[in-house]
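The residues making up each chain are set out below.
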Amino acid sequence: MSLNRMLFSFIPQRINNRTIIVFYELLRGIQKLMRSQWKKNLSINRQNFSNHADAVSRSHGYIEDQNNYTDMVYGKATMQFSGCEVFAVYNALYSLLEHPFMDLPDLIAHFEKDGMALNGKFGTAPKALKDFMESQGFHVLLSTKEKDFDTLSKAYPSLILTMYNDRNDIRKEIHTVHISKADDMYIAHNVYCNGKTVGPYPSLSVLIQNINGGKAKGISLIGIQK
């Protein structure tokens, strides 16, 4: 194995998932001490969210096409670049309630105030997603133990998975997706941000094995129920 490959694989292969969550919590705390431009961003996002209404409707209420959200902002980044965690929460809420009780622009503003990391350039802290869902009255459980993911996933109707896109290359970054369930089959939303879902598959582990050619690796899984 080359030195470069060893370096790029060090974080996903050697750093404990819990450490990643703690690191994001540190970034979350630092961000809360910084000046936020959420009010300005909220105005932009309210104006532009209507551009996506048809696509959301075609996806039966889910947001599946993150790549098209270059016109909406998150901190100092775009939702296309850094919005996957917020999209996952939006989709989870839709799967549980069959309607969003909070519009996407307001949801973005919430996480800009509490959850965003490095002005959006590092996305959103996974625990902030759990905290938000709990604040809305949902029963929520977060696990960083990948061996427990299948057990957890069977107990909750709605899931949010944070994962490495490539277990061997941190440069491929981290991605967060919502996973819905129907008849004990698992469907992942907004995986490739291109309007398509992944699945259905009979278990969460099989689903993960079919993401990015089997290269995906779980970091945390959030189970959510009403």
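This section reports on the structure supplied with the text. (Residues numbered from 1 in each chain as written. Predicted model: local features only at pLDDT ≥ 70, side-chain atom pairs only at ≥ 80, totals over all residues. Heavy atoms only, no water.)

Here we look at the overall build of the protein
Rules: Secondary structure follows DSSP: runs of H or I at least 4 residues long count as helices, runs of E at least 2 residues long count as strands, and numbering of each begins at the N terminus. In this description the radius of gyration comes from C-alpha coordinates, and the expected globular size is given by 2.2 Å times residues to the power 0.38. The buried label applies to any residue whose accessible area, calculated with a 1.4 Å probe on protein chains only, is under 20% of its type's maximum; exposed applies above 50%, and partly exposed to all values in between. By the counting rule applied here, Lys and Arg register as positive and Asp and Glu as negative, while His and the ends of each chain are not counted. Note that the charge is assigned to NZ on lysines, CZ on arginines, CG on aspartates and CD on glutamates.
When you go through the protein residue by residue, the secondary structure sums to ten helices and eight strands. Computed over C-alpha atoms, the radius of gyration of the protein comes to 17 Å, within 12% of the 17 Å expected from 2.2 N^0.38 for 226 residues, which places it in the range of a compact globule. By its C-alpha atoms, the protein is 50 × 40 × 30 Å across when sized along the principal axes. Taking all 226 residues of the protein together, the buried fraction comes to 50%. Charge-centre separation for the protein: the mean point of 26 positive side chains lies 7 Å from the mean point of 21 negative side chains.

A short note on a nonpolar patch on the surface
Filter applied, for reference: Nonpolar side chains (Val, Leu, Ile, Met, Phe, Trp, Tyr) within 5 Å and like charges within 9 Å form the patches, drawn only from residues with over 30% relative accessible area and no salt bridge. With residues, only the protein chains shown are counted as cover, and all accessible areas are computed by Shrake-Rupley using a 1.4 Å probe. Any carboxyl oxygen of Asp or Glu that lies within 4 Å of a side-chain nitrogen of Lys or Arg is treated as forming a salt bridge with it.
Judged by side-chain polarity, Phe23, Leu26, Ile30, Met34, Leu118 and Phe122 come together as a nonpolar surface patch covering roughly 540 Å² of accessible area. Topologically, Leu118 is positioned in the loop between helix H7 (104-113) and helix H8 (126-135).

A word on the nonpolar core
Cut-off, in case you're wondering: In these notes, a set of buried Ala, Val, Leu, Ile, Met, Phe, Trp, Tyr and Cys residues joined through side-chain atoms within 4.5 Å is what counts as a nonpolar core. Any two residues having at least one pair of non-hydrogen atoms within 4.5 Å are treated as being in contact.
Core analysis: the biggest nonpolar cluster contains 38 residues, and Tyr69, Met79, Val89, Leu104, Phe111, Met133 and Ile224 have the highest contact counts within it. Counting residues per element, the ones that place at least two in this core are helix H2 (17-32), helix H6 (84-97), H7, H8, strand E4 (158-164) and strand E8 (217-225). Dropping the residues within four chain positions of it, Leu104 is found in contact with Phe49, Ile63, Tyr69, Met72, Met79, Val86, Phe87 and Tyr90. Among the nonpolar cores identified, the runner-up in size contains 18 residues, and Met163, Val191, Leu204 and Leu207 belong to it.

A few points about the sheet that holds strand E6 (residues 185-189)
Basically, it comes down to this: Any two strands with at least two DSSP-identified bridges between them are counted as paired. Axis lines are fitted through C-alpha atoms, for helices just across the contact stretch, and the angle between N-to-C directions can take any value from 0 to 180 degrees.
One open sheet accounts for six strands, arranged E3-E8-E4-E5-E6-E7; its pairing is antiparallel. Strands at the two margins of the open sheet, each flanked by one partner only, are strand E3 (139-143) and strand E7 (198-201). The sheet shows a mean angle of 20 degrees between the axes of neighbouring strands, direction not considered. As defined by bridge partners, E4 adjoins strand E5 (residues 174-182) across seven bridges and the pair is classed as antiparallel. By the bridge assignment for E5, Thr162 is matched with Thr176. Packing of H2 onto the sheet brings it into contact with E4, E5 and E8, and relative to E8 it is tilted by some 70 degrees. Packing of H6 onto the sheet brings it into contact with E4, E5, E6 and E8, and relative to E5 it is tilted by some 10 degrees.

Structural notes on the pairing of E6
Sheet topology note: the E5/E6 ladder contains five bridges and is antiparallel. Bridge pairing in E6 places Ser180 opposite Ile187. The loop that links E5 with its antiparallel partner E6 comprises two residues; one of these, Asp183, has a positive phi angle of about 55 degrees. With two bridges connecting them, E6 and E7 associate as antiparallel partners. Residue pairing in the sheet places Ala188 in a bridge with Val198 of E7.

Re H6
Given 3.6 residues to a turn, an α-helix orients residues that are three or four positions apart in the same direction. Rule in force here: To estimate the expected span of a helix, count its residues, drop one, and scale the result by 1.5 Å.
Helix length check: H6, at 14 residues, gives a terminal C-alpha distance of 20 Å against a target of 20 Å (1.5 Å per residue), a fit within 8%. Among the 14 residues in H6, twelve count as buried, and that is most of the element. Taken from the residues just after H6, Glu98 is the one with a positive phi, measuring 65 degrees.

Side note on the packing of aromatic side chains
To keep things clear, this is the line we draw: For this analysis, a ring pair means two rings from Phe, Tyr or Trp (six-membered ring only for Trp) whose centres lie within 6.5 Å, classed as stacked if their planes differ by under 30 degrees, edge-to-face if by over 60, and tilted for the remaining angles. Charge-over-ring contacts are defined here by two conditions on Lys NZ or Arg CZ: a distance within 6 Å of the ring centre and an angle within 35 degrees of the ring normal.
Summed over all chains, the structure comprises five aromatic pairs. Here the aromatic rings of Phe23 and Tyr24 are separated by 6.2 Å at their centres, their planes lie at 75 degrees, and the arrangement is edge-to-face. Phe23 gets classed as partly exposed once you look at its relative accessible area, which sits at 38%. Here Tyr24 falls in the buried class, since its relative accessible area comes to 8%. Pairing Phe49 with Tyr90 gives two aromatic rings, centres 6.4 Å apart and planes at 80 degrees, and the pair type is edge-to-face. On the criterion of sequence distance, the pair formed by Phe49 in the loop between helix H3 (38-48) and helix H4 (53-58) and Tyr90 in helix H6 is long-range, its members being 41 residues apart. Neither Phe49 nor Tyr90 differs from the other in exposure class; each is buried. Geometry around Trp38 places Lys113 over its ring, the cationic atom sitting 4.1 Å from the centre.

Quick word on the pattern of salt bridges
One pass over the full model with this rule turns up ten salt bridges. A salt bridge links Asp114 to Arg28; the nearest nitrogen and oxygen atoms lie 2.8 Å apart. Of this pair, Asp114 sits in the loop between H7 and H8 while Arg28 sits in helix H2, and the two are 86 residues apart along the sequence. Measuring nitrogen to oxygen at the nearest pair gives 3.8 Å for the salt bridge that ties Asp114 to Lys32. Taken as a pair, Asp114 in the loop between H7 and H8 and Lys32 in helix H2 lie far apart in primary sequence, 82 residues in all. One salt-bridge network, in which partners are shared between bridges, spans Glu25, Arg28, Lys32, Asp114, Lys127 and Asp131.

Limitation: the analysis is restricted to geometry and does not speak to function.
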